Structure formats: structure tokens, C-alpha cells
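# Working through the structure, step by step
This is what each chain is made of:
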Amino acid sequence: MSFAKLNKAAKTVAEGINTKEMSYTKLKEHVGETLILRGFFFTQGKFGKELVCVTDETLINMPKRYVGTFEGIQADTELLAALLAGKCAITNIHMGDTNNGTTVFFDFDDVE
């Protein structure tokens, strides 16, 4: 067993993207669009861990229910590399009703 692997933190935002100069949007502002993801990161908010997805143009605050999905992407080197290379899109972004009110849904898709 080697603990040296703990010294490398997996990058979750593509090289060359400066998130500090980008503005935040809400996913619901992108209804009807297709967004190619270039990364993501987690923040700590009032209600726990939160997810922000990164495109070439904007930072998108995502619904909390997707935190676990993106933790899984972070843990899977193949999925993470593909996402960072711009091979992951979110499509079919639309509003829908749930037991807790209205929220935003989307589908994942491959980018060729």
C-alpha cells in the first residue's frame, strides 16, 4: 500500500479555465440549452456540500441532488478525464414539479 497517491489531488476543472473571472448562473437560466461541461467543484454552503459545474463561459449552481453523481465522476478517472476534455454535455434542461416544488432536470449526453 502506498499513501503517496494521496499527495495528488484530482483536478476537476480543465486546464486554462480561470473560474475566478467567471460569473455564476443558476441551472434554470439555461432551460432549453445544451451545455458542454469543462469541470466542476464543490463548495460548502448553508445546507452542506454544494455543486458548481463549469462551462467555458459560466459557473452553474446545480441542484444539491447531483452532488453524489459528481462525487462519483471525481472518483472515476476515466469519466473525469472525459469530462475535462469536453466530452460530457447536459441536455434536455427543463423545469419540472416534485413533491417539494418546482426544480430543474437534465440528461447527461456524450459529446463526440
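Residues numbered from 1 in each chain as written. Predicted model: local features only at pLDDT ≥ 70, side-chain atom pairs only at ≥ 80, totals over all residues. Heavy atoms only, no water.

### Considerations on the overall build of the protein chain
How we decide: We count a stretch as a helix when DSSP gives it H or I for four or more residues in a row; a strand needs E for two or more, and each element gets its number in order from the N terminus. For a compact globule the rule gives 2.2 Å times the number of residues to the power 0.38, and the radius of gyration it is set against comes from C-alpha atoms. Burial classes: relative accessible area under 20% of the type maximum marks a residue as buried, over 50% as exposed, and values in between as partly exposed (1.4 Å probe, protein chains only). Residue contacts are counted whenever heavy atoms from the two residues lie within 4.5 Å of one another. To be clear on the numbers: accessible area is Shrake-Rupley with a 1.4 Å probe, and residue cover counts the displayed protein chains and nothing else. Residues counted as positive are Lys and Arg, residues counted as negative are Asp and Glu, and His and the chain ends are not counted. In plain terms, the charge of a residue is placed at NZ if it is Lys, CZ if Arg, CG if Asp and CD if Glu.
The helix and strand inventory of the protein chain stands at two helices and seven strands. Tracing the protein chain from N to C terminus, the helices and strands come up as β-β-β-β-β-α-α-β-β. The C-alpha radius of gyration computed for the protein chain amounts to 15 Å, which stays within 12% of the reference 13 Å derived for 112 residues, consistent with globular compactness. Along the three orthogonal principal directions, the C-alpha set of the protein chain runs to about 50 × 35 × 25 Å. Here the protein chain, with 112 residues, has 37% of them falling under the buried criterion. Long-range pairs, those at least 24 residues apart, make up 56% of the contacts in the protein chain between residues at least 6 apart in sequence. For the protein chain, the computed accessible surface area is about 7400 Å², with 51% contributed by carbon and sulfur atoms. Positive and negative side-chain charges of the protein chain, numbering 12 and 15 respectively, have mean locations separated by a distance of 9 Å.

### Here we look at a negative patch on the surface
Worth spelling out the cut-off: Surface patches are drawn from residues lacking salt bridges whose relative accessible area is over 30%; two like charges belong together within 9 Å, two nonpolar side chains (Val, Leu, Ile, Met, Phe, Trp, Tyr) within 5 Å. One side-chain nitrogen of Lys or Arg within 4 Å of one carboxyl oxygen of Asp or Glu is enough to make a salt bridge.
A grouping of Asp107, Asp109, Asp110 and Glu112 is seen on the molecular surface, where their side chains present a negatively charged patch. In this fold, Asp110 is placed in strand S7 (residues 101–110). The class of Asp110 is exposed, set by a relative accessible area of 61%.

### Thoughts on the sheet that holds strand S1 (residues 24–26)
Paired through backbone hydrogen bonds, the strands of a sheet run either parallel or antiparallel to each other. So the rule is basically this: Pairing between strands requires that DSSP locate at least two bridges from one strand to the other. Lines are fitted to the C-alpha atoms to define the axes, a helix being fitted only along its stretch in contact, and any angle between axes, read from their N-to-C directions, falls within 0 to 180 degrees.
Judged by pairing direction, the sheet is mixed, and its four strands sit side by side in the order S1-S5-S4-S3 without closing on themselves. Each edge of the open sheet carries a strand with a single partner, namely S1 and strand S3 (39–45). The sheet shows a mean angle of 35° between the axes of neighbouring strands, direction not considered. Against the sheet, helix H1 (residues 67–75) makes contact with S3 and strand S4 (48–54), and its axis sits at roughly 130° relative to S3, the strand it touches most.

### Some points on the packing of aromatic side chains
Basically, it comes down to this: Note on aromatic contacts: the rings of Phe and Tyr and the six-membered ring of Trp form a pair at centre separations within 6.5 Å, being stacked when their planes are under 30 degrees apart, edge-to-face when over 60 apart, and tilted otherwise. In this scheme, the term charge over a ring applies when either NZ of a lysine or CZ of an arginine sits within 6 Å of the ring centre and within 35 degrees of the ring normal.
What the rule picks out here adds up to five aromatic pairs. Each ring, one from Tyr66 and one from Phe106, has its centre 4.4 Å from the other, and the planes form 35°; the classification is tilted. Remark: Phe106 occurs in strand S7 and Tyr66 occurs in the loop between strand S5 (59–61) and H1; sequence separation between them is 40 residues. The burial state of Tyr66 is the same as that of Phe106; both residues are buried. Members of the aromatic cluster, connected to one another through ring pairs, are Phe40, Phe42, Tyr66, Phe70, Phe106 and Phe108. One Lys or Arg, Lys49, reaches over the ring of Phe42 and ends 4.5 Å from the middle of that ring. It is Arg65 that lies over the ring of Phe105; its NZ or CZ is 4.9 Å from the centre.

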